[in-house]
Amino acid sequence: MSRLEEQIDIDVPAQEVWAQLHRIDEYPKFVEGVRSAAAHGSSRAHLDVRIGDEEQAFETRLADRGGQVMDWTVDKPELKCAFAVNPLDEEHTQLQIRLEYDAEAVRSTFGGPKGFAQVHAIEEAVRSDLEKFKDLLENRR
């Protein structure tokens, strides 16, 4: 399993970051490749994803831990993601993401480069998505 940890500081209060993470239907606005997303209750979500020429539908499990950590889990390809919302002060928040994934399974599902190049592509996508998330929240103010 490969592991990626990233963080970004966002100029909005922590409760706004937390609320945005729970607006599942808005994930297509900031997650590359997600065409549509819908929550099913408080612990499941359905994602329609297109990467390159490949389209896939995923059922995911969601869990909130400790009021400031949200876990996402996908079984195929195996993917685990945790978002941690950390208030820096009343108006600023740090969002941390920890992603664990099988790079070969991701490549088998969506195609793309092998080995280190696949890992690099995933890292770049995560960084880009975090920037889009930040822009979405900061531009709403």
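In this convention, every chain numbers its residues from 1, walking through the sequence in written order. The model is predicted, so local features are restricted to residues of pLDDT at least 70 and side-chain atom pairs to those at 80 or more, both for listing and for counting; the totals for chains, interfaces and linings are taken over all residues. Side-chain numbers come from the whole structure's heavy atoms, not from hydrogens or water.

Draft legend 1. The packing of aromatic side chains, seen in detail. Centres within 6.5 Å make a pair out of two Phe, Tyr or Trp rings, where for Trp the six-membered ring is used; the pair is then stacked when the planes are under 30 degrees apart, edge-to-face when over 60, and tilted otherwise. Tallied over the full model, the rule gives 3 aromatic pairs. Aromatic side chains Tyr 27 and Phe 30 sit 4.9 Å apart centroid to centroid with 45° between the ring planes, which places their arrangement in the tilted category. Ring centres of Tyr 27 and Trp 72 lie 5.2 Å apart, and the angle between their planes is 45°; this geometry places the pair in the tilted category. In this pair, Tyr 27 is assigned in the loop between helix H1 (14-21) and strand S2 (34-40) and Trp 72 in strand S5 (residues 69-74), connecting sequence segments 45 residues apart. Comparing Tyr 27 with Trp 72 shows no difference in burial state: the two are buried. An aromatic cluster is built from Tyr 27, Phe 30, Trp 72 and Phe 133, whose rings are joined through pairwise contacts. Elements are defined by DSSP. Helices are runs of H or I of four residues or more, strands are runs of E of two residues or more, and each kind is numbered from the N terminus. When a residue's accessible area, from a 1.4 Å probe over protein chains only, is under 20% of the maximum for its type it is buried; when over 50% it is exposed; and in between it is partly exposed.

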